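# Chain and residue survey
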Amino acid sequence: MNRFLMTLFLFVMTLALTSQEISVAVFYEKKPQGVTITIQKGVYLVYNDYDIIDTLQIGNNISIIKESDYLVYRHKTKAWATNKNIRIVNNTDNAAFFINYSGSIEPARCYEGWIKVKLHEYSVLAVNYVNLDAYVAAIVERLSTGMASEEFFKAQAVMYRTFCLVNYAKHENEGFDLCDGTHCQIYNNKSTNRIIINASKKTSNLVMVDKYQNLLNPVSHLNSGGYTAPSEYVYGVSEPHLKSVKDEFAENGNNYNWKILIPAAEWQSYLINKGIKSAENKLYKQLLIVQQDERLNEFKIDNETISLNTIRTDWGWKSSLFSMSLDKGVITIIGKGNGTGVGLSVESARTMASKGFIYDNILKFYYSDIIITNLNHMNIYSEMLQKVRKEKPL
Ligand SMILES: [Zn+2]
């Protein structure tokens, strides 16, 4: 192999071995005056911008506080000030640190990867650079309750990885990818669940796209009640991957059924208040909504309509899949499912996984015409590599 090919080979190998990292601003909404960091695992090197100035071992504790226009770094008896970024970078693969902010009464959080602390207007900004799989595992763990089989968590990992990339450019102007709040996705600790960590690793880099390679929004809800809803019923826009599917796996879920009783007179006045004038002259039994074999989008009286999703939201009912019956002035509402009904039904996916379905069958059951592809086939991949390469000291 000549020297050029060898160099090229090494370059390609480095690319292949470079794990995807994303940057997440932590304590973003707190706008803290400083942070404290304690090393939980591994060895970390501290850089004043790109110059090494300290080494941190397990248990070492440091603080970085904003004092006028400087960041002041303190470690044991050592202290120095800088107006540049402070980077605390892991020197070993298996590394994690605790972090908290000045004046916090919350427990410290534990994150993997490395961290950059910079001056930011009137506060400090702490940005965690974390491997995408580790970030995805953290999100899946926070959103999952109870045990499930690995295939369920693999499906969730592909969904939240896709979601993360859909949101990828949200904070571009501020110099990081995502924040740790509800604005992006709450990220408040690393994952500690082995099954979830493995599920994320085994689906590493996999995302959901359409045939044009567009990333798809992986919306989900708790239980479909037997039929998922097409996106236009809830969001007003038809999405090719969010069609209605008959979901026989929903009935095993804890949120499959609900029931509520309301006075028929109240139902009638609600309809009139919503502008359905003809409801005034109708008998109660003419105002009942009946959905049996499929989901309806709207309830129609004469030529006036009201969407079932509006009814669900106004009354705070668990779903828009319900049927009404009347008895002595009282309407009994039997409902199925919980949530918008659009996209993947989480409880059903759990059941599918327990019945032996694998993650891509689960995803393809709820999302129509999707392709599960590797991120490194997409343009965004090289963009991600470039960004991290610029930030990380070698
Ligand atoms: Zn955000």
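Since the model is a prediction, treat every value here as computed from it, not as a measurement.

### A word on the overall build of the chain
- A count of helices and strands for the chain gives 10 helices and 22 strands.
- Structurally, the chain occupies a C-alpha span of about 80 × 55 × 35 Å along its principal axes.
- Every one of the 394 residues in the chain was classed for burial, and the buried ones make up 40%.
- Of the contacts formed within the chain by residues at least 6 apart in sequence, a portion of 68% connects residues at least 24 apart.

### Quick word on helix H3 (residues 150-166)
- For H3, with 17 residues, the first-to-last C-alpha span of 24 Å sits near the 24 Å given by 1.5 Å per residue.
- The element H3 is largely enclosed, with a buried count of 15 among its 17 residues.

### Observations regarding the pairing of strand S3 (residues 44-48)
- With 5 bridges joining them, S3 and strand S4 (residues 51-56) adopt antiparallel strand pairing. Residue pairing in the sheet places tyrosine 44 in a bridge with leucine 56 of S4.
- Between S3 and the antiparallel strand that follows it, S4, lie 2 residues; aspartate 49 among them carries a positive phi value of about 60°.
- Judged from the 5 bridges that link them, S3 and strand S8 (residues 86-90) form a sheet pairing that is antiparallel. Looking at S8, one finds that valine 46 is bridged to isoleucine 88.

### Section: the sheet that holds strand S9 (residues 96-101)
- Taken in spatial order, the 6 strands make up an open sheet running S7-S6-S5-S2-S9-S10, and their pairing is antiparallel. On the outer flanks of this sheet lie strand S7 (78-82) and strand S10 (109-112), each paired with one strand and no other. Taken over all neighbouring pairs, the strand axes of this sheet differ in orientation by 25° on average, direction set aside.
- As paired strands, strand S6 (residues 70-75) and S7 are joined by 5 bridges and run antiparallel to one another. Each residue of the ladder has a partner; that of arginine 74, found in S7, is alanine 79.

### Looking at the nonpolar core
- Within the largest apolar cluster, 81 residues are counted, with the highest numbers of intra-cluster contacts made by Val24, Ala25, Ile88, Ala126, Tyr135, Val136 and Leu363.
- Per element, the largest residue contribution to this core is 10 residues, and it comes from H3.
- Three or more residues apiece are contributed to this core by two domains, here domain 1 (21-130) and domain 2 (132-214 + 344-394).
- Counting residues in hydrophobic clusters, the runner-up holds 10 residues, among them Tyr227, Ile276, Phe322 and Ile331.

### A closer look at the domain arrangement of the chain
- Domain annotation for the chain reports domain 1 (21-130), domain 2 (132-214 + 344-394) and domain 3 (257-336).
- Between the C-alpha centres of domain 1 and domain 3 the distance comes to 55 Å.

### Some thoughts on the sheet that holds strand S11 (residues 114-120)
- Spatially, 7 strands are ordered S4-S3-S8-S11-S12-S1-S13 in an open sheet, and the strand pairing comes out mixed. Looking along the sheet, the strands with just one partner apiece sit at the ends: S4 and strand S13 (178-179).
- Where S8 meets S11, 3 bridges bridge the pair, whose relative direction is antiparallel. Within S11, the residue paired with arginine 87 across the bridge is lysine 116.

### Points about the packing of helix H2 (residues 132-143) against helix H4 (residues 194-202)
- At a minimum axis distance of 9 Å, the contact between H2 and H4 shows a crossing angle of 135°. With respect to H4, the element H2 is oriented oblique. Two packed elements cross with a definite hand, and for H2 against H4 that hand is right-handed. Where H2 abuts H4, its residues Asp133, Val136, Ala137, Val140 and Glu141 lie against Ile196, Ile197, Ser200 and Lys201.

### Remarks on unusual backbone geometry
- Positive phi values are uncommon outside glycine, yet phenylalanine 27 reaches one of about 55°.
- Here glutamine 213, not a glycine, exhibits a phi torsion of approximately 70°, which is positive.

### A word on H4
- Among all positions in H4, only Ile196, Ile197, Ala199 and Ser200 are buried. Across the axial projection of H4, the buried residues extend over an arc of 160°, all falling on one side.
- Against the buried residues of H4 lie H2 and H3.

Calculation criteria
Residues numbered from 1 in each chain as written. Predicted model: local features only at pLDDT ≥ 70, side-chain atom pairs only at ≥ 80, totals over all residues. Helix = DSSP H or I, 4+ residues; strand = E, 2+ residues; numbered from the N terminus. Buried ≥ 20, exposed ≤ 12 C-beta atoms within 10 Å, placed from the backbone. Contact = placed C-beta atoms within 7 Å. Expected span 1.5 Å × (residues − 1). Pairing = 2+ DSSP bridges. Axes fitted to C-alpha atoms, helices over the stretch in contact; angles between N-to-C directions. Core = buried A, V, L, I, M, F, W, Y, C linked by C-beta atoms within 7 Å. Domains from an automatic or database assignment. Parallel < 35°, antiparallel > 145°, perpendicular 65-115°, else oblique. Left-handed = near helix turned anticlockwise from the far one by under 90°. Arc of directions from axis to C-beta.

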